[in-house]
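# Chains, contacts and geometry: an overview
Take a look at the letters that make up each chain.
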Amino acid sequence: MDDPIDESLNAIDILIRQLLSMWEQTISLLPSLAIAIVVLVITWIIARFATRIADRLTDKTNMRASLQELVETIVRLAIWIVGLMATLTILLPGLTPASLIAGLGFGAVAIGFAFQDIFENFMAGILIMIREKMRIGDYIECEGVEGVVESIALRETHVRRNNRELTIIPNSILFKNPVKILTDDEKRRHEIVAGVAYDTDLDIAKDVILKAVQSAEQVDTGERIDVFACEFNSSSVDFKIRWWSGSKPRAMHESRDNVIRAIKRALEEAAIEIPFPYVTHTFKEPVPLAPKD
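Rules used in this analysis
Residues numbered from 1 in each chain as written. Predicted model: local features only at pLDDT ≥ 70, side-chain atom pairs only at ≥ 80, totals over all residues. Heavy atoms only, no water. Helix = DSSP H or I, 4+ residues; strand = E, 2+ residues; numbered from the N terminus. Buried < 20%, exposed > 50% of the residue type's maximum accessible area, 1.4 Å probe, protein only. Contact = heavy atoms within 4.5 Å. Areas by Shrake-Rupley, 256 points an atom, 1.4 Å probe, with all protein chains shown as cover. pLDDT = per-residue confidence, 0-100. Pairing = 2+ DSSP bridges. Patch = residues over 30% accessible without salt bridge, like charges linked within 9 Å, V, L, I, M, F, W, Y side chains within 5 Å. Salt bridge = Lys/Arg side-chain N within 4 Å of Asp/Glu carboxyl O. Lys, Arg positive; Asp, Glu negative; His and termini not counted. Charge placed at Lys NZ, Arg CZ, Asp CG, Glu CD. Phe/Tyr/Trp six-rings, centres within 6.5 Å; stacked < 30°, edge-to-face > 60°. Expected span 1.5 Å × (residues − 1).

Here the focus is the overall build of the chain. Secondary structure summary: the chain contains seven helices and eight strands in total. The proportion of buried residues among the 293 residues of the chain is 29%. A separation threshold of at least 6 residues defines the contact pool for the chain, and within that pool the share at least 24 residues apart is 61%. When the accessible surface of the chain is summed, it comes to about 20,700 Å², and 61% of that surface belongs to carbon and sulfur atoms.

Per-chain confidence: the chain averages 80 in pLDDT, with 76% of residues scoring 70 or above. Here residues 279-284 scores under 50 on pLDDT; set against residues more than four positions off or in separate chains, the count is zero contacts.

Taken together, five strands build an open sheet; the order of strands is E4-E3-E2-E1-E5 and the sheet is antiparallel. Where the open sheet ends on each side, the last strands, each with one partner, are strand E4 (166-170) and strand E5 (180-181). The pairing of strand E2 (residues 145-152) with strand E3 (residues 156-160) spans four bridges and is antiparallel. Within E3, the position partnered with Val149 by the bridge is Val159.

This brings us to a positive patch on the surface. A cluster of basic residues, Arg48, Arg52, Arg56 and Lys60, forms a positive patch on the protein surface. Relative to the helices and strands, Arg56 resides in helix H1 (residues 4-59).

Tallied over the full model, the rule gives one aromatic pair. With a centroid separation of 6.3 Å and an interplanar angle of 10°, the aromatic rings of Tyr198 and Phe232 are classed as stacked. Within this pair, whereas Tyr198 is found in the loop between strand E6 (187-196) and helix H6 (202-215), its partner Phe232 is found in strand E7 (residues 226-232), the two being separated by 34 residues in sequence. Relative accessible area serves as the criterion here: at 44%, Tyr198 is assigned to the partly exposed category.

Taking 1.5 Å of rise per residue, 21 residues should cover 30 Å, and helix H7 (residues 249-269) covers 30 Å from first to last C-alpha, within 8% of that figure. Regarding H7, the residues found buried are Pro249, Ala251, Met252, Ser255, Asn258, Val259, Ala262, Ile263, Ala266 and Leu267. Looking at the packing, one finds that the buried side of H7 touches strand E1 (139-142), E6, H6 and strand E8 (237-246). Just downstream of H7 lies Ala271, where phi reads positive at about 55°.

Moving on to the environment of Val213. Position of Val213 relative to the elements: it lies in helix H6. Separated by 46 residues in the primary sequence, Val213 and Val259 have C-alpha atoms spaced 5.6 Å apart. If we skip the residues at most four places from it in the chain, Val213 touches Val219, Ile225, Ile241, Trp243, Val259 and Ile263.

Quick look at the structure:
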């Protein structure tokens, strides 16, 4: 039988040899480690100066603040990736840049599948910012959500509704669906329908309505005002009235209020009737009671 003391001594000897080997490897790696630290410091310095240069260049453009931050992040990230790859090749001589790039490619594909929705919103945010059609403060409508744009981030857009509720919309929804930007221009066309009685002279009614709209507040008289007879209704001949006013929701409501009041007042002064719609009632025959036994 083997002596237990000899086995213990052999195990200790093996452990000491392994520790000495690790120590020798660590000592041999010190020059490479020093060079790697120097490379990391140089990478940090280059990334800092490159970020400042990118910041100065983007400040000279009309680029959005969030897009400027994205450019700075991409510049910093690209420099650090190159620096880390150089550091790894110094510390691990058997690791080549080609194998690192291949590994990064497979990793990017795996991460892309795992975080598909996040990357989709991220790319949509970049394209929305580059397009620069939707701005902070615009009043938009998309997929049943309407309100004022408060913030456009890389992955989401914040919309403040009229009741002051905040809605966070993923950028992919705004990119893939139609978006109405109601305040893209300072002015927007509004329209209403007004009816007059069948015995009314339509030429006179049109002239009265046109003058009423022209006299209403917040109506842009520099733009064309349209008054068209558009439909024979059940109790009236309807006119479609169109005019231009402010594009914001508040301006739209105030303008419609002023126009409707002015038209009603003008038609009453001209003794032109605004008829009520006819209401037809359907009467059912009484159901006879069943005879008693």
